[in-house]
Amino acid sequence: MEQAQICPRFEKAIEILSKRWTALIIFQLLSGPQRFAKIENSLTNLSGKVLSDRLKELEAEGLIKRDVYPEIPVRIEYSLTAKGHALAPLFVEIGNWADQWIEAAQVTENQ
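Residue numbers here run from 1 along each chain, matching the order of that chain's written sequence. Only residues with pLDDT of at least 70 get local features here, since the model is predicted, and only at 80 or more are side-chain atom pairs given and counted; chain-wide, interface and lining totals rely on the full set of residues. As a convention, hydrogens and water are excluded, and side-chain values are obtained from all of the structure's heavy atoms.

## Considerations on the packing of aromatic side chains
By convention here, two paired aromatic rings are described through the distance between centres and the angle between planes. Pairs were defined over the aromatic rings of Phe, Tyr and Trp, the Trp ring being its six-membered one, requiring ring centres within 6.5 Å. Orientation was assigned from the angle between planes: stacked under 30 degrees, edge-to-face over 60, tilted for the rest. Counted according to the given criterion, the structure contains one aromatic pair. Between the aromatic rings of Phe-27 and Phe-91, the centroid separation amounts to 5.8 Å while the plane-to-plane angle is 50 degrees, which identifies the pairing as tilted. A residue pair is termed long-range when its members are at least 10 positions apart, and Phe-27 in helix α2 (residues 22–29) and Phe-91 in helix α6 (residues 88–101) qualify at 64 residues. On the accessibility criterion, Phe-27 (48% relative accessible area) is partly exposed. Between Arg-75 and the ring centre of Tyr-69, over which it is positioned, the NZ or CZ distance is 4.0 Å. Numbering of helices and strands runs from the N terminus; a helix is a DSSP stretch of H or I covering at least four residues, while a strand is a stretch of E covering at least two. We call a residue buried when its accessible area falls under 20% of the maximum for its residue type, exposed when it is over 50%, and partly exposed in between, using a 1.4 Å probe and counting protein chains only. Note on geometry: a ring has a charge over it if NZ (lysine) or CZ (arginine) is within 6 Å of the ring centre and within 35 degrees of the ring normal.

This is the structure in C-alpha cells:
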C-alpha cells in the first residue's frame, strides 16, 4: 500500500503541537488570559524554564500574545490570539476521543 504524501502545512502543525507541553499550555489558555505563575502552577512537572521557552515559541508562531501592563509591579499576561483560539475545536475532539478510548486506570497508572 502506497503512503499518501504528508502536506508540509500539516507536518508543521503537528511539529508545533507535538512539542512537549505546548498543547497543554494552549489548552490552559483557552479559559482566558493568565499570568506566568498561574500557567506554571496549573501544569505539574513543568519547569519555569521550559514554560518560558514554550511561551516564546508560541508567541513567535502567532498562537499567543504577551501583554505587559505598566503597573508596579509590572503585570504580564499571556492569552491566545485568534490563531490560537482556532485550535479550540481540536481540543474538544481530542477530549471526546480520550473519553471514549482512554480508560481512567491508564491515566492513574502513568502518573
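## Re the environment of Ser-18
With respect to the helices, strands and loops of the structure, Ser-18 is situated in helix α1 (residues 8–18). Relative accessible area serves as the criterion here: at 53%, Ser-18 is assigned to the exposed category. Separated by 2.7 Å, the side chain of Ser-18 and the backbone oxygen of Ile-14 make a polar contact. Two N or O atoms form a polar contact when they lie within 3.5 Å of each other; inside protein one atom must be a possible hydrogen donor and the other a possible acceptor, and for residues adjacent in sequence the pair counts only when both atoms belong to side chains.

## A word on the pattern of salt bridges
Here a salt bridge means any side-chain nitrogen of Lys or Arg lying within 4 Å of a carboxyl oxygen belonging to Asp or Glu. Per the counting criterion, the structure on display carries eight salt bridges. Residue Glu-57 is joined to Arg-54 by a salt bridge in which the shortest nitrogen-to-oxygen separation is 3.5 Å. Of the two residues, Glu-57 and Arg-54 are both situated in helix α4 (residues 48–60); the distance of three residues between them amounts to about one turn of the helix. Relative accessible area serves as the criterion here: at 29%, Glu-57 is assigned to the partly exposed category. Within this structure, Lys-12, Glu-15 and Glu-61 form a network of salt bridges that share partners.

## Considerations on unusual backbone geometry
Cis peptide bonds are those with omega within 30 degrees of zero, and the linkage from Ile-72 to Pro-73 qualifies with -5 degrees. Mapped onto the fold, Pro-73 is located in the loop between β2 (64–69) and β3 (75–80). Residues other than glycine seldom take positive phi values, yet Trp-21 does so here, at roughly 80 degrees. The backbone of Asn-45 sits at a positive phi, close to 75 degrees, despite the residue not being glycine. Along the chain, Asn-45 falls in the loop between α3 (36–42) and α4. Overall, the relative accessible area of 74% leaves Asn-45 in the exposed class.

## Let's talk about the nonpolar core
Judged by nonpolar contacts, the single largest core of 17 residues is most densely connected at Ile-25, Ile-26, Leu-29, Ile-39, Leu-55 and Ile-64. Among the secondary structure elements, those contributing two or more residues to this core are α2, α4 and β3. Only heavy atoms matter for contacts: two residues are in contact if any of them lie within 4.5 Å across the pair. With residues near it in sequence (within four places) discarded, Ile-25 still touches Leu-43, Leu-46, Leu-51, Arg-54, Leu-55 and Leu-58. Nonpolar core, defined: a set of buried Ala, Val, Leu, Ile, Met, Phe, Trp, Tyr and Cys residues in which side-chain atoms within 4.5 Å join the residues together.

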